[in-house]
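Working through the structure, step by step
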Amino acid sequence: MVKEITSSQELEAFLSSNTYAAIDFYADWCPPCKAIKPVYEQLATKHSVPEFLQFAKVNVDHNQDIAQKYRITAMPTFLFFKEGNQVAVNGQAMIQGADRNALVAAAEKVGGLAKKRVEAAL
């Protein structure tokens, strides 16, 4: 499941409650955002582990303060976080555009890291 973030406070709470997080910055009017949405949702279904890895989305038109904070200049943009801090995945600080291959590779990598954390916690 992908969580819709509607405020800075909600984003902070989301990031602090998960070891890893993936965030999709999108706009309703953006055709590439609509094209990649089902892929992102499938990745969320496949890789989400409560408290270890969660997926969220932020509408940049409704949350301009968040978009400015993370310097979002193109939609969609995907960011990844570890323990509340933005991190690069596979050498990329962010994925801009509907780059399916880069998004899948990043989600697989972060999903694997989250799985290791789950196994270590058992």
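Read on for an overview of the structure.

Reading the values: the criteria
- Residues numbered from 1 in each chain as written.
- Predicted model: local features only at pLDDT ≥ 70, side-chain atom pairs only at ≥ 80, totals over all residues.
- Heavy atoms only, no water.
- Helix = DSSP H or I, 4+ residues; strand = E, 2+ residues; numbered from the N terminus.
- Buried < 20%, exposed > 50% of the residue type's maximum accessible area, 1.4 Å probe, protein only.
- Contact = heavy atoms within 4.5 Å.
- Core = buried A, V, L, I, M, F, W, Y, C linked by side-chain atoms within 4.5 Å.
- Disulfide = S-S within 2.5 Å.

Further remarks concern the side chain of Lys 57. One can find Lys 57 in strand β3 (residues 53-59). Given the relative accessible area of 18%, Lys 57 is considered buried. Apart from the residues lying within four places of it in its own chain, the contact partners of Lys 57 are Val 2, Lys 3, Glu 4, Ile 5, Asp 24, Tyr 26 and Lys 37.

Our next topic: the nonpolar core. Core analysis: the largest hydrophobic core is formed by 21 residues, its most contacted members being Tyr 40, Phe 55, Phe 78, Phe 80 and Leu 103. Among the elements that take part in this core, helix α4 (residues 100-121) stands out by supplying six residues, more than any other. Excluding residues within four positions of it along the chain, Phe 80 makes contact with Ala 21, Ala 22, Asn 85, Gln 86, Val 87, Val 89, Ile 95, Leu 103, Ala 106, Ala 107 and Val 110. Counting 20 residues, the second-largest nonpolar core is a separate cluster that includes Leu 11, Ala 21, Tyr 26 and Ile 72.

Attention shifts here to the state of the cysteines. Using the criterion set out here, one finds one disulfide in the structure. The residue that forms a disulfide with Cys 30 is Cys 33, at a sulfur-sulfur distance of 2.4 Å. Judged by the sign of its S-S torsion, about 80 degrees, the cystine formed by Cys 30 and Cys 33 is right-handed. The class of Cys 30 is buried, set by a relative accessible area of 2%.

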